[in-house]
Amino acid sequence: MRDAIRGFYAVLDRDDEQLARILLAAGARVLQVRLKPAGRRVGADEVLRVAKMARRVCDDVGAALVVNDRLDVALLAGADGVHLGQTDLSVADARPIANKLWIGVSTHNVEQVRAAVAAGADYLGYGPVFATTTKQNPDPTQGLDALRAAVLAAGETPVVAIGGVTPAHAVDVYRTGVASICAIGAVNAAADIVGAGRALARA
């Protein structure tokens, strides 16, 4: 798992097999299915359908699949992991059900980082590092100094930086010690998706 959580961590934010394949061609080692369109509730059946498609695409190139929020869908789709937010299942509650799935946890301050590590999270998302438009109600922007402190608090647990990160930020973000960078808007909406993803992977 630690080999997978490094470089570019991609997010598939819509039902689009071509986008999934392009994100993996851009060098992503992990593809997370995260369907949260503005103004519409997404049902479990839709998430499962997209996750099964993503599983097939990931298998074609040897990438790992993570499902956001939904442990049930992650298990049904044969995913490698599930990513949980602060208001989702706790790591302690998810672990007996998750079995061998990786459990990633979104964190937004050092206290949450320490709690997630103590609970046994396999990796952490930390952010938003910069201002982001991807989430409707984002948590407060953390900045690079807070990200560096989070990496230190996480110890051996890999940290994925997320939130407003663009290829222009990548070198400075990696200098904090993070294992990986997740960028959604800066990659998925880019004119050159492959180029943007590879810039995050290379840096």
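Above this text sits the structure in question.
How each quantity is defined
Within any chain, residue numbers begin from 1 and follow the written order of that chain's sequence. Under the rules for a predicted model, residues below a pLDDT of 70 receive no local features and side-chain atom pairs below 80 are neither given nor counted, while totals for whole chains, interfaces and linings still include all residues. Side-chain measures were taken over the full set of non-hydrogen atoms in the model, leaving aside hydrogen atoms and water. The cut-offs for exposure are 20% and 50% of the maximum accessible area for each residue type, with area from a 1.4 Å probe on protein chains only; residues under the lower value are buried, those over the upper are exposed, and the others partly exposed. By definition, any uninterrupted DSSP run of H or I lasting at least four residues is a helix, any uninterrupted run of E lasting at least two residues is a strand, and each is numbered from the N terminus. Note: the arc covers the axis-to-C-beta directions of the helix. Contacts between residues were defined by any pair of non-hydrogen atoms, one from each residue, lying within 4.5 Å. Distance and chemistry together define a polar contact, namely a pair of N or O atoms within 3.5 Å, with one atom able to donate a hydrogen and the other to accept it when in protein, and with adjacent residues in sequence counting only for side-chain atoms on both sides. One speaks of a salt bridge when a side-chain nitrogen belonging to Lys or Arg is within 4 Å of a carboxyl oxygen belonging to Asp or Glu.

Trainee: I keep staring at helix α1 (residues 17–25) and nothing clicks. Help me out?
Mentor: One turn of the α-helix equals 3.6 residues, which is why residues spaced by three or four share an orientation. By the burial criterion, the buried members of α1 are L19, A20, L23 and L24. Buried positions in α1, seen along its axis, are confined to an arc of 135° and lie on one side of it. Where α1 is buried, its residues meet β1 (7–12), β2 (30–33), α2 (44–61), α8 (185–188) and α9 (193–202). For α1, the N-terminal cap is D16; the gap from its side-chain oxygen to the backbone nitrogen of Q18 is 3.1 Å. Just downstream of α1, G27 is the residue with a positive phi angle, here 105°.

Trainee: Sorry if this is basic, but what is going on with the pattern of salt bridges here?
Mentor: Opposite charge on two side chains allows them to pair when their charged atoms are near. Using the criterion set out here, one finds 13 salt bridges in the structure. Here R55 makes a salt bridge to D80, at a shortest N to O gap of 3.0 Å. With R55 in helix α2 and D80 in the loop between α3 (71–77) and β4 (81–84), the pair connects residues that are 25 residues apart, well separated along the chain. Its relative accessible area of 26% is what places D80 among the partly exposed residues. One salt bridge in this structure joins R70 and D72, with 2.7 Å as the shortest N-O distance. What you see here is one network of salt bridges that share partners, running through E17, R21, R56 and D60.

Trainee: Looking at this structure, how should I read helix α4 (residues 91–98)?
Mentor: Among all positions of α4, only V91, A94 and A98 are buried. End-on, the buried residues of α4 take up no more than an arc of 70°, which puts them together on one face. For α4, the exposed residues lying more than 90 degrees away from the buried face are A92, P96 and I97. In this structure, the buried side of α4 is in contact with α3, β4, β5 (102–107) and α5 (110–119). N99 occupies a position one or two residues after α4 and carries a positive phi of about 65°.

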